[in-house]
Amino acid sequence: MKMNLSNIKKAKKLLCNRECIAIPTETVYGLAGNAYSDRACEKIYKLKKRPKNNPLIVHYFNILRLKKDCHINNDFIKLYKKFCPGPITFILDLKKSSKISKIITNKKSTLAVRFPQHSITRKLLKILEFPLAAPSANPSSRVSAVTSTDVKEDFGKKIKYVLEGGKSSIGIESTIVDLRKKPQILRLGGLNISNIQKILRKKISINNKSLKISSPGQFKVHYSPGLPIRLNAKKIYKGEAYLLIRKKKVNKSNYFFLSKKGNLKEAAKNLYTLLRKIKKKGFNSIAVCKIPHRGYGKTINDRLLRASRYNEKTT
Ligand code: TXA
Ligand code: MG
């Protein structure tokens with residue numbers, strides 16, 4: 001993606017005015033605002049219709065800037081050196097002197113932090129004097145956005161500006177790891193756990209229930225395209241779209257392929273785009289084939305399971 005400096009300058013100007021804009025990252029697009037400004041952070045919650053007790057991830061340019069706001073430890077340094085910038089988010093303890101808006105943390109003493117790799121957003125972070133709070137740029141509980149068009153379709157004129165960055169290269173959110181005590185994975189994502197375990201030289205438990213932090217059940221439905229989803233489907237019913245892991249010779253208009261040859265990384269990258277496409281084409285539900293439960297397949301299954309809870313919704 002070519003770097004357009006005037007776009008970055010425009011983004012900077014709006015952010016300095018405490019506006020909220022969309023930014024590209026290698027995982028998904030983010031809805032960004034000045035993380036030191038209550039006003040900017042309030043705008044993010046409002047635009048996304050996000051429950052106030054669900055905290056935001058804060059994006060930093062580098063470790064030096066992060067140190068102003070958070071305590072770091074050895075596990076963090078090892079993972080930072082190996083994977084950052086990249087698709088990993090860390091939960092750390094906030095410093096008392098931190099300027100992070102209380103709107104973000106909702107009185108908690110921890111902060112989720114990330115160092116995105118996307119070159120345009122890195123350039124932007126470098127020239128800003130504050131870090132960026134940025135949850136995924138989609139209405140709460142819906143599918144994340146992986147292109148500027150996705151963001152514009154979701155928010156229309158409500159969003160002041162979308163910084164163009166092409167299609168997100170990973171296409172699925174970052175892996176979240178809580179490093180405050182014994183490391184724990186809170187969300188599967190764009191970096192496989194085996195890579196993290198190799199660097200820390202220990203087995204890490206997965207505790208993705210704790211993402212329901214403040215009120216259990218509240219964040220159950222997530223990543224939903226706004227359609228019922230049926231998992232592990234061996235056949236399909238009338239009106240359903242069929243989402244398959246690898247291309248089949250029989251090519252029907254209701255068949256959608258996550259990957260050519262069943263590559264799970266490629267499938268993760270295509271997942272949100274296909275969910276959005278199926279919704280747009282007017283199908284009334286989605287049947288998904290069994291996805292191998294290994295590597296990126298685990299992340300895909302996590303997202304599909306949460307998206308499939310749309311069925312349980314009564315409204
Ligand atoms: O790849 C990503 O992580 C993208 C891009 C834009 O950076 N961001 C993203 O943000 O996925 P969001 O807000 O959609 O998901 C962040 C998750 C939420 O489920 C939130 O509850 C959790 O991180 N989270 C935020 N702060 C936390 C904290 N202090 N402790 C535990 N979980 C936290
Ligand atoms: Mg999200």
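Just so we're clear, the structure is a prediction, and the values are computed from it rather than from any experiment. (Residues numbered from 1 in each chain as written. Chains lettered and ligands numbered in written order. Predicted model: local features only at pLDDT ≥ 70, side-chain atom pairs only at ≥ 80, totals over all residues. Heavy atoms only, no water.)

**Some words on the packing of aromatic side chains**
With the rule as written, the count across this model stands at ten aromatic pairs. On the basis of an interplanar angle of 85 degrees and a centroid distance of 5.6 Å, the ring pair of Tyr-242 and Tyr-255 is categorised as edge-to-face. Of this pair, Tyr-242 sits in strand S11 (residues 240-244) while Tyr-255 sits in strand S12 (residues 255-257), and the two are 13 residues apart along the sequence. As far as burial versus exposure is concerned, Tyr-242 and Tyr-255 are alike and both buried. With a centroid separation of 5.7 Å and 90 degrees between ring planes, the pair formed by Phe-256 and Phe-283 is classed as edge-to-face. Highlighted residues: Phe-256 in strand S12 and Phe-283 in the loop between helix H9 (264-280) and strand S13 (285-288), separated in sequence by 27 residues. (Phe/Tyr/Trp six-rings, centres within 6.5 Å; stacked < 30°, edge-to-face > 60°. Helix = DSSP H or I, 4+ residues; strand = E, 2+ residues; numbered from the N terminus. Buried < 20%, exposed > 50% of the residue type's maximum accessible area, 1.4 Å probe, protein only.)

**A word on the site of ligand 1**
Near ligand 1 there are 25 residues, and of these Thr-27, Asn-54, His-59, Ser-136 and Ser-174 occur at the shortest range. Side-chain polar atom of Ser-136 to an oxygen atom of ligand 1: 2.8 Å apart, as the coordinates give it. Within the side chain of Ser-174, a nitrogen or oxygen atom sits 2.5 Å from an oxygen atom of ligand 1. Bound to the protein, ligand 1 loses 96% of the 680 Å² it would expose on its own. (Near = heavy atom within 4 Å. Polar contact = N/O pair within 3.5 Å; in protein donor to acceptor, adjacent residues only side chain to side chain. Areas by Shrake-Rupley, 256 points an atom, 1.4 Å probe, with all protein chains shown as cover.)

**Some words on the domain arrangement of the protein chain**
Structurally, the protein chain comprises domain 1 (5-206) and domain 2 (229-314). A separation of 27 Å is found between the C-alpha centroids of domain 1 and domain 2. The interface is formed by 21 residues belonging to domain 1 together with 16 residues belonging to domain 2. Buried area between domain 1 and domain 2, summed over both chains or domains, comes out near 1,600 Å², and the portion from carbon and sulfur atoms is 50%. Counting the surface domain 1 buries against domain 2, the share from its top three residues, Val-143, Ile-172 and Leu-188, is 32%. Summed over the shared surface of domain 1 and domain 2, the number is four salt bridges. Residue Glu-173 is joined to Arg-303 by a salt bridge in which the shortest nitrogen-to-oxygen separation is 3.0 Å. (Domains from an automatic or database assignment. Contact = heavy atoms within 4.5 Å. Buried area = accessible area lost by both parts, 1.4 Å probe. Salt bridge = Lys/Arg side-chain N within 4 Å of Asp/Glu carboxyl O.)

**Here's the deal with the sheet that holds strand S1 (residues 21-23)**
Here we have nine strands laid out as an open sheet, ordered S1-S2-S6-S3-S5-S4-S7-S8-S9, and mixed in their pairing. Both edges of this open sheet fall to S1 and strand S9 (205-206), since each of them pairs with a single strand only. Across the sheet, helix H2 (residues 38-48) is in contact with strand S2 (30-34) and strand S6 (132-133); its angle to S2 comes to roughly 155 degrees. (Pairing = 2+ DSSP bridges. Axes fitted to C-alpha atoms, helices over the stretch in contact; angles between N-to-C directions.)

**A few points about the state of the cysteines**
Disulfide: a covalent bond formed between the sulfur atoms of two cysteine residues. For the structure shown, the criterion picks out zero disulfides. Take Cys-41: it sits in no disulfide, and the sulfur closest to it among the cysteines is that of Cys-20, at 9.0 Å. Counting only cysteine sulfurs, Cys-84 is the nearest neighbor of Cys-70, a cysteine outside any disulfide, at a range of 13 Å. For Cys-70, a relative accessible area of 1% corresponds to the buried category. (Disulfide = S-S within 2.5 Å.)

**As for the sheet that holds S11**
The strand order across the open sheet built from four strands is S10-S13-S11-S12, with neighbouring strands paired in parallel fashion. Strand pairing shows two members of the sheet lacking a second neighbour, strand S10 (229-230) and S12, which therefore form its edges. By the bridge criterion, three bridges tie S11 to S12 in an arrangement that is parallel. If you follow Tyr-242 over to S12, its bridge partner there is Tyr-255. Sheet strands in contact with H9 are S10, S11, S12 and S13, and its direction is about 165 degrees off that of S11.

**Quick look at the pairing of strand S7 (residues 175-178)**
Taking every second residue as pointing to the same face, both faces of S7 are buried, with Thr-175 and Val-177 on one and Ile-176 and Asp-178 on the other. Bridge count between strand S4 (residues 88-93) and S7: four bridges; the pairing is parallel. Residue pairing across strands places Ile-88 opposite Thr-175, the latter belonging to S7. Here three bridges tie S7 to strand S8 (residues 184-187), and the two strands are oriented antiparallel to one another. Each residue of the ladder has a partner; that of Ile-176, found in S8, is Arg-187. Joining the antiparallel neighbours S7 and S8 is a turn of five residues.

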